[in-house]
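Given next are the chains, with one letter for each unit.
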Amino acid sequence: MDPRIKMWGDEPYYGLGYDFDPTWFLSDADRALEAEIIDACQRVIRPLAIECDRTGAYPRASVDELGRLRLLAMIAPEGYGCRAASHTQVLMATEAIARYGCPSTAVIFMMHLVAVGGLVFRAHGNPAIESLLRRMDTDALIGTASYTDPETGGHFWYPKTSSATRVADGWHVKKTAAFTTSSGHANWYLTQTTSPDFSGDYSDLSVFLLYPDEVKGNPDTWDAMGMHANQSAPVEIDAVIPENRIVGWPGDGARSNDEAIDPLAFLQYAGAYNGVAMACLDVARRHALRRGHAQYGRRIADYATSQDSYGEALCEAQASRLFAYGMAKAMDDATDGGSWEMYANDPDAAPRSAFTAWGLEAKVLAAGLASRVSDRMLQLCGGRGYTRAGEIERLVRDAKAGWVMAPSNEVSRQIVGRWALLGVESVDWWNQKVDERALRNELGKLDAAEKQQLVDELSAELAGAGD
Ligand SMILES: Cc1cc2nc3c(=O)[nH]c(=O)nc-3n(C[C@H](O)[C@H](O)[C@H](O)COP(=O)(O)OP(=O)(O)OC[C@H]3O[C@@H](n4cnc5c(N)ncnc54)[C@H](O)[C@@H]3O)c2cc1C
């Protein structure tokens, strides 16, 4: 077998070959792993993507493949029997699962690995976490990050309807989550609540590990436009859990977001939605080469307008992919190839947080790309693309999830723009900073009597606060 030819079972791949992949970012070992993932996609994950999109069934056999490939705990250190994977490998694996296999499974993998990041960040010295990481691949233990609060939506770092209290020998954790991928199917859950000593500061967060008997999931109730198989339904938690199931320590949640949850989420958003865009290009290529028009003796691919549309979409995809791989490479350089071991000696180390703005940009680029490219490739495929037989309509529906997933592209762009224009201090993740300009502008609209009324109201409020 010629390793320069991308295979799909016994045949050359019908989509774009390796000459359109940024292979120079990958080592020989990375490329060998990618070939294994493509093989698993061809045999198991892609057929299940089609079936589970129709039935809404959870793709458990695909998850088992991820365990077999040792991807579930891939970022954990070798000391736990894991791959100690780089950011580049995580990006490659996520893109490959979405592209050759199943976008729903890619999001299952993403929400899982984000949660694994939270665990690995504080694994050192916690037997409950260390034991889970050791068993994760062999037992195919799929996890998930149950974060989004029903009241604060896509600002997932702002958990209003949550709490944790210290009880004898453990913690009483309460949480409602509006969306949780693998709801009711996960083997373990990572969740974030306000801290046990919470006093109104929403940046005071804590992270907990829970098991299915402590979580009320809603299996098989997910009913959405796309991503049918990923079961991103609500979750409720009202459980007392042992002491060592806090991940890190009370108040460590914001740091966990900055250094573990967000970096992996942004990297994998990029992988998943760049992968969806590439899947659209692959499927459209197959159709454009097969479908001919008798009146002209030409195929869709032979029209100059198709070539222009395809070329434009590919150029946009390559820019987003290079952005993501460039970021992954920089993160690898900053972490000795993706190591998580520095936090054992230095819990405040923050090499990954340095890439937050880049991560937001990578997410915006990839989610926007998938939305636009899927739309254009459906049009390229014509009415046959609109039918289920062509596969592209499934990808169009799946692609739309990226834009709205948190932080949505609107929220992400606003954070990046604000940060760039006004500095990082102005980002104000937890709505704590007074906008003096807006405040003075509004006060300027009040007449003397209205100002006096406001003064009276504020005085009464202050007097009440002093009681
Ligand atoms: C397929 C899928 C899987 C998911 N999996 C998980 C999971 O595993 N775990 C998890 O915790 N969550 C998960 N989520 C939730 C997801 O990450 C978002 O939190 C959720 O989609 C937000 O939805 P919402 O309706 O509450 O949006 P809202 O936050 O209500 O946003 C609605 C609209 O308002 C806009 N908007 C919001 N705030 C602002 C603002 N300040 N300025 C300007 N515009 C604003 C948004 O851009 C959007 O257009 C998943 C969601 C989907 C679709």
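Since the structure is predicted, the reported quantities are computational estimates derived from the model, not experimental observations.

### Overview of the overall build of the protein chain
- Helix and strand counts for the protein chain come out as 13 helices and 12 strands.
- Relative to the globule expectation of 23 Å for 467 residues, the C-alpha radius of gyration of the protein chain, 24 Å, shows essentially globular dimensions.
- C-alpha atoms of the protein chain, sized along the principal axes, occupy 85 × 60 × 40 Å.
- Buried residues in the protein chain amount to 46% of all 467 residues.
- When contacts within the protein chain are restricted to residue pairs at least 6 apart in sequence, long-range pairs at least 24 apart make up 76% of them.

### Some details on the site of the ligand
- In the region of the ligand, 26 residues are neighbours, and Gly153, Gly154, Phe179, Ala406 and Ser408 sit closest.
- When residues of the shell around the ligand are traced back to their parent elements, those giving at least two are helix H4 (103-121), strand S3 (143-146), strand S5 (170-180), helix H10 (392-404) and helix H11 (409-422).
- Element by element, the count of residues in the shell around the ligand is highest for S5, at four residues.
- Grouping the constituent residues of the shell around the ligand by class yields 14 nonpolar, 11 polar and one charged.

### Some details on the sheet that holds strand S9 (residues 233-242)
- If you trace the four strands from one edge of the open sheet to the other, you get S4-S5-S9-S8, paired in antiparallel fashion. Among the strands making up the open sheet, the edge pair consists of strand S4 (162-167) and strand S8 (215-216).
- Note: S5 against S9, nine bridges, orientation antiparallel. Bridge pairing in S9 links Gly170 to Pro242.

### What to know about the environment of Val167
- Along the polypeptide, Val167 turns up in strand S4.
- According to the C-beta neighbour criterion, Val167 is exposed, with 12 such atoms within 10 Å.
- Residues Val167 and Glu243, 76 residues apart in the sequence, show an inter-C-alpha distance of 8.9 Å.
- Excluding residues within four positions of it along the chain, Val167 makes contact with His172 and Val240.

### Some points on the domain arrangement of the protein chain
- Each domain of the protein chain was delimited in the assignment, giving domain 1 (143-253) and domain 2 (437-466).
- Once you take the C-alpha centre of each, domain 1 and domain 2 turn out to be 38 Å apart.

### A short note on unusual backbone geometry
- Each neighbour pair has its own omega, and for Ala406 with Pro407 the value is -15°, a cis peptide bond.
- With respect to the helices and strands, Pro407 occurs in the loop between H10 and H11.
- For Arg70, which is not glycine, the phi torsion reads 60° and is therefore positive.
- By secondary structure assignment, the location of Arg70 is in the loop between helix H2 (60-68) and helix H3 (87-101).
- Phi is positive for Ser182, which is not a glycine, with a value near 70°.
- Topologically, Ser182 is positioned in the loop between S5 and strand S6 (188-194).
- Judged by local crowding, Ser182 falls into the buried class, with 29 C-beta atoms found within 10 Å.

### Here's the deal with the sheet that holds S6
- The four strands are arranged S3-S6-S7-S10 in an open sheet whose pairing can be described as mixed. Strands at the two margins of the open sheet, each flanked by one partner only, are S3 and strand S10 (246-247).
- Relative to S10, strand S7 (residues 205-210) runs antiparallel, the two being bridged by two bridges. Each bridged residue has a counterpart across the sheet, and for Phe208 the counterpart in S10 is Ile246.

### Overview of the packing of helix H6 (residues 253-290) against helix H7 (residues 304-334)
- Where H6 meets H7, the axes come as close as 10 Å, and the angle between the chain directions of the two elements is 155°. Comparing the axis directions of H6 and H7 gives the class roughly antiparallel. Every pair of crossing elements has a handedness; the one defined by H6 and H7 is left-handed. Two secondary-structure elements touch here, H6 through Pro263, Leu267, Ala270, Gly271, Asn274, Ala277, Met278, Leu281, Ala284 and Ala288 and H7 through Ser306, Tyr310, Ala313, Leu314, Ala317, Ser320, Arg321, Ala324, Ala328 and Met331.

### Let's talk about the pairing of S6
- Burial of S6 is extensive: seven of the seven residues sit out of reach of the surface.
- Of the pairings in the sheet, the one linking S3 to S6 comprises four bridges and is parallel in character. Across the sheet, Thr144 pairs through a bridge with Tyr189, a residue of S6.
- Bridge analysis of S6 against S7 gives six bridges, and the strand direction is antiparallel. Considered in S7, the bridge of Leu190 is made with Leu209.

Scoring rules and cut-offs
Residues numbered from 1 in each chain as written. Predicted model: local features only at pLDDT ≥ 70, side-chain atom pairs only at ≥ 80, totals over all residues. Helix = DSSP H or I, 4+ residues; strand = E, 2+ residues; numbered from the N terminus. Rg over C-alpha atoms; globule rule 2.2 N^0.38 Å. Buried ≥ 20, exposed ≤ 12 C-beta atoms within 10 Å, placed from the backbone. Contact = placed C-beta atoms within 7 Å. Near = placed C-beta within 6 Å. Nonpolar A, V, L, I, M, F, W, Y, C, P; charged D, E, K, R; others polar. Pairing = 2+ DSSP bridges. Domains from an automatic or database assignment. Axes fitted to C-alpha atoms, helices over the stretch in contact; angles between N-to-C directions. Parallel < 35°, antiparallel > 145°, perpendicular 65-115°, else oblique. Left-handed = near helix turned anticlockwise from the far one by under 90°.

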